[in-house]
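Structural description and commentary
Each chain is listed here by its residues.
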Amino acid sequence: MATTTPRLLFFFCVLISVGILVADSKFMVYNTSQGIVPGKLNVHLVPHTHDDVGWLKTVDQYYVGSNNSIQGACVQNVLDSLIPALLADKNRKFIYVEIRWWRDQSDAVQRIVTDLVSSGQLEFINGGMCMHDEAATHYVDMIDQTTLGHRFIKREFDVTPRIGWQIDPFGHSAVQAYLLGAQVGFDSLYFGRIDYQDREKRKNEKSLEFVWQGSKSLGSSAEIFSGAFPANYEPPSGFYFEVNDNSPIVQDDITLFDYNVQERVNDFVAAAVSQANITRTNHIMWTMGTDFKYQYAHTWFRQMDKLIHYVNKDGRVNALYSTPSIYTDAKYATNESWPIKTGDFFPYADRINAYWTGYFTSRPALKHYVRTMSGYYLAARQLEFFKGRSTSGPNTDSLADALAIAQHHDAVTGTEKQHVANDYAKRLSIGYMESEQLVATSLAHLVESASYTGSGNPTTKFQQCLLLNISYCPASEVTLSQGKKLIVVVYNSLGWKRDDTVRIPVINEDVIVHDSEGKAIESQLLPLDDVHLGLRNYYVKAYLGQTPTKTPKYWLVFTVSVPPLGFSTYTISGAEGAGASSTRSSVYTFQSREKSTIEVGQGNVKLSFSTDQGKMTNYVNSRSLVEESVQQSYSFYNGYNGSNDKAPLIPQNSGAYVFRPNGTFLITPEEKASLTVIRGPVIDEVHQQINSWIHQITRLHKEKEHVEVEFIVGPIPTDDGIGKEVVTQLDTAMATNKTFYTDSNGRDFIKRIRDYRTDWDFKVNQPVAGNYYPINLGIYMQDNRTEFSVLVDRSLGGSSTVDGQIELMLHRRLLLDDSRGVAEALNETVCVSDECTGLRVLGKFYFRIDPLGDGAKWRRSFGQEIYSPLLLAFAEQDGDNWKNSHATTFSGIDSSYSLPDNVALITLQELDDGKILIRLAHLYEVGEDKDFSVMANVELKKLFPRKKIGKATEMNLSANQERTEMERKRLVWKKEGGSSGTEKGVRGGPVDPAKLVVELAPMEIRTFLIDLEQKFFHRRHHHHDDVSDV
């Protein structure tokens, strides 16, 4: 900013003049140079601010300090006052997490900041684009946003953050510890929030600090020293020094009243000794700051200068300016043995009746948007690489930024104000639109490569349909007459061949589908029901401001086969002649008064339904010989009104963060409810109107062995003045002994036992909310014969509150705030023409029952398909010349190769410097599957068949340092009990630069920077170069 430098100069002039004036009388020089003193209690003062990316205000409002009627917070003020405060005393230190502000600083300020970073006065910790959540985030998104920040810091400052600083997320995941901690090269991980019962036990046992082994597969090779703060991430009581804080300052001028130096020193020593009594070694950390503090940094540093000076003169304890890096090194130097922690820190409660498990589901539509954009971003980066990256655009940068901040712990969590949630969604939409252009251009380059003459840009114009989830796709809703054909290019971002079904709305009744080779394939027309049409019309009007001009009559469904990292082409045209067209589904509606059992499913899996009860009754897989009684139902919990709480209880409502139910109510189908069965050659469906605001489709694909359940929930009624939280339950007769398993950020599955915690004697006060866990991939349970798995399409909360049952929370609408700061009820509405109704949510979950030990294959492979859905691009064509003038199939890897079934390619990205960033992830844990929990090999040469790999450098997870350097610097901590329970875990070996084969052990992710000796299609940024080598 142009005004920054003059402001700094003015500040320095004021400092100098004040110094001269005071020096003539009683100028006091404070000694702040003290370091660590052996044998004394060392109090590490760590100055910090916690600046949410977007919570009560949007990210931009927080930065510039606008909208202060909501919250007086301005990140610019923090930064503008912090720099001169650090320059005033070289002993002062500060840590900072969010880095978005850097681009707005002048060259002069950037040089100053770079010097402060180099000297260690200013330290970047965590280093991601935000402090991401750990419950509602997917591990790929956590890696991507951290990589974006880490590579930026490396490029601008040539430093690699050492410390994980997750001080505000509402519970902590195993993936954060071993993957986003140890695997990025962090030496330690610190956080503020753990369950109140757990914290008390750890304080008594002096086990707030420990060695965390988050992965049973990787063991001690991915452990990290971790610390939970004694109370929160704020200073001890009485040591807040913002301008308007009410803590007593250190008044050390003896000529003025209220001189209190000894009193303040005594307070300091008492607080330090109190914390030392619950902490091992002679080092404790004080987190000197909190949300949006240091807007006038001098008020903090002036008081800390005085405290350090006078406390050290007193001599009972030693006070020093410090950082978490200095603190970690001091802890390590003590050679102490630390307790071991396994598993995670979910769920989190900060007091009785206050389980922060509601946010696992809060804002389910935003959660799905984030997940959808995540899978799209993965595919778009692949296509960007195949075409060749252009920094001038279109590119994926805008979507990368939007997705990064959407991982914030008040973004995807659903715990922000509504206008902030709208802002996050808007940024995702802007990022998507640019990436959509990139995808369309990249696919056009690929399909035209066979005939491309190099004379200009490709001419094919592809359209995509982001709103397919609400049955809206203008690109497919075209009239196919007079030779017009609809071209559908289906892109598969997975590393193996994929057989799946495509489902699009169409206008024509008589259509036929041809595959890439021109052969007619089986397809099916399903009627578009009134519920989905109503949803489509309402939400298109709400989102786009216009009513759809056409009304499709059918869903067209057909099976596709797509090569790895590639596409296949399908042509939809008007049918010519009898018997050639798509098969129309048979439709039969059963009324609730009819008592009969119907069976659906044409493949190995069949479901039985009771028509009079309107519910599923039985599941059979003829291949695996599994048969199980399965019933599904819907219920809702009334949101608790905390005004009913009596002292000494603190009133606690159910809200955006906290799930506190007040009774559960089964939703029974209405008397006139019907059950409609639709059958055809590709899929069978059962449509049910559960009540006036819940509609469901149960779907069986002929070639698949799982059940797909699509639900529409909402608007949740609140006319009785009570908020509600809607769940679905799947009941079986399985004897599960209180035990079930949920995933950690889509990676490892963690064993859960109802009403039990591994780390302490759990006192149950909320039997439902206290047993809820975050689900990103799935949840499963097992008995001595079978295992029942449920996979989800977004993050949500779930549990097994009854043996043999799995419960998922699908939607929440609440009328009260839960007193955790957002000061707004979670009451999402959608408005059309100034009329607002409660949000409707459309989503899917999937379930399957396998013989015991066989479920992991489906959870892992199909889980990848949910995360990376097929990408569809549409074009219109007149005549039959598409096949002659366009490539109809493509694979970005060697045509004879696919990734092993237990490995996923989670990153393929061309960076600004032309290097290729690639990540390979083993999908299975040790012992999870008898066939796939083994070492896997990936041939890098086969992933880049049309070019030569010049060099492949293995990096840490966030690609900001070489892996060998990270391992060399790794601190190895002593643990209680010696080596017991600390097996190192198996890792893949070094990569031979000649063979370029990557070994991956179970749960291992390996990251590489690849130098290619020739570009894929063309030299960078020259769109007219020859691409005929494809």
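For clarity, every value in this text was computed on a predicted model and none was experimentally measured.

Criteria and thresholds
Residues numbered from 1 in each chain as written. Predicted model: local features only at pLDDT ≥ 70, side-chain atom pairs only at ≥ 80, totals over all residues. Heavy atoms only, no water. pLDDT = per-residue confidence, 0-100. Contact = heavy atoms within 4.5 Å. Pairing = 2+ DSSP bridges. Helix = DSSP H or I, 4+ residues; strand = E, 2+ residues; numbered from the N terminus. Axes fitted to C-alpha atoms, helices over the stretch in contact; angles between N-to-C directions. Buried < 20%, exposed > 50% of the residue type's maximum accessible area, 1.4 Å probe, protein only. Expected span 1.5 Å × (residues − 1). Core = buried A, V, L, I, M, F, W, Y, C linked by side-chain atoms within 4.5 Å. Disulfide = S-S within 2.5 Å. Phe/Tyr/Trp six-rings, centres within 6.5 Å; stacked < 30°, edge-to-face > 60°. Salt bridge = Lys/Arg side-chain N within 4 Å of Asp/Glu carboxyl O.

Remarks on the confidence of the model for the protein
- Confidence in the prediction for the protein averages 92 pLDDT; 94% of positions are at 70 or higher.
- Note on residues 1-25: pLDDT is under 50 here. Beyond four places in sequence and across chains, it has 21 contacts.
- Below a pLDDT of 50 lies the segment residues 1015-1030, which in the model reaches 46 contacts outside its immediate sequence neighbourhood of four places, other chains included.

So, the sheet that holds strand E36 (residues 786-792)
- Within the open sheet, the ten strands sit side by side as E20-E27-E28-E29-E30-E41-E36-E35-E32-E33. Their pairing is antiparallel. Edge positions in the open sheet fall to strand E20 (586-591) and strand E33 (749-753), since each of these has one partner strand only. Averaged over neighbouring strand pairs, the angle between their axes works out to 20° when direction is ignored.
- The pairing of strand E30 (residues 707-713) with strand E41 (residues 841-851) spans seven bridges and is antiparallel. Across the sheet, residue Val709 finds its bridge partner in E41, namely Phe845.
- The sheet strands contacting helix H14 (residues 530-544) are strand E28 (683-691), strand E29 (694-701), E30 and E41, and the helix crosses E30 at an angle near 55°.

Focus: the sheet that holds strand E7 (residues 223-228)
- Pairing within the open sheet is mixed, and its five strands lie in the order E4-E5-E7-E6-E11. The sheet is open, and its two borders are formed by strand E4 (163-166) and strand E11 (340-342), each paired with just one other strand. Recorded for the sheet is a direction-independent mean angle of 30° between the axes of neighbouring strands.

What to know about the side chain of Ser493
- Relative to the helices and strands, Ser493 resides in the loop between strand E12 (484-492) and strand E13 (498-506).
- A residue is classified by how much of its surface remains accessible, and Ser493, at 2% relative accessible area, is buried.

What about helix H9 (residues 297-314)?
- With 18 residues, H9 extends 26 Å from end C-alpha to end C-alpha; this agrees with the ideal 26 Å at 1.5 Å per step.
- Among the 18 residues that make up H9, 15 are buried, leaving the element largely enclosed by the rest of the structure.
- Phi turns positive one or two residues past the end of H9, at Gly315, with a value near 90°.

Notes on the nonpolar core
- One finds Phe268, Phe301, Phe788, Leu808 and Phe847 to be the most contacted residues of the largest nonpolar core, which totals 120 residues.
- When residues in this core are grouped by element, the largest group, eight residues, is from H9.

Let's talk about the state of the cysteines
- Using the criterion set out here, one finds two disulfides in the structure.
- At a sulfur-sulfur separation of 2.0 Å, the disulfide partner of Cys465 is Cys473. Classification of the bridge connecting Cys465 and Cys473 rests on its S-S torsion, roughly 65°, and on that basis the disulfide is right-handed.
- Exposure remark for Cys465: the relative accessible area of 13% places this residue in the buried category.
- With relative accessibility at 0%, the residue Cys473 sits in the buried group.
- Along the protein, the cysteines engaged in disulfide bonds are linked according to the scheme 1-2, 3-4 when indexed in sequence order.
- As a non-bridged cysteine, Cys130 has Cys74 as the owner of its nearest cysteine sulfur, 20 Å distant.

What to know about the environment of Ser624
- Inspection of the secondary structure puts Ser624 in the loop between strand E23 (615-621) and strand E24 (626-629).
- Its relative accessible area of 15% is what places Ser624 among the buried residues.
- Taking C-alpha positions, Ser624 is 9.4 Å from Ile849, a pair spaced 225 residues apart along the chain.

What about the packing of aromatic side chains?
- This model, assessed by the stated rule, comprises 56 aromatic pairs.
- An angle of 75° between the planes, with centres 5.0 Å apart, marks the rings of Tyr332 and Trp973 as edge-to-face. Residue Tyr332 is located in helix H10 (residues 324-333), and its partner Trp973 is located in the loop between helix H18 (963-969) and strand E48 (974-975); the two are separated by 641 residues in the primary sequence.
- Ring centres 5.9 Å apart and planes at 85° place the aromatic pair Phe385 and Phe944 in the edge-to-face group. With Phe385 in helix H11 (residues 364-387) and Phe944 in the loop between helix H17 (940-943) and strand E47 (949-955), this residue pair connects regions lying 559 residues apart in the sequence. Here Phe385 matches Phe944 in class, with each residue buried.
- In textbook terms, an aromatic cluster arises when at least three aromatic residues are bridged by ring pairs, as seen for Phe94, Tyr96, Phe239, Phe241, Phe268, Trp286, Tyr294, Trp300, Phe301 and Tyr321.

Thoughts on the pattern of salt bridges
- Following the criterion strictly, the structure yields 67 salt bridges and no others.
- As a salt-bridge pair, Glu705 and Arg848 come within 3.8 Å of each other at their nearest N and O atoms. Separated by 143 residues along the polypeptide, Glu705 in the loop between E29 and E30 and Arg848 in strand E41 bring together distant segments of the chain. The exposure classification of Glu705 matches that of Arg848, with both residues buried.
- Put simply, Asp931 and Lys857 hold a salt bridge, and the shortest N to O gap is 2.9 Å. Remark: Lys857 occurs in helix H15 (residues 855-867) and Asp931 occurs in the loop between strand E45 (916-922) and strand E46 (936-939); sequence separation between them is 74 residues.
- Its relative accessible area of 40% is what places Asp931 among the partly exposed residues.
- If you follow the salt bridges from partner to partner, you end up with Glu954, Arg963, Glu967, Arg970, Arg987, Glu1004 and Arg1006 in one network.

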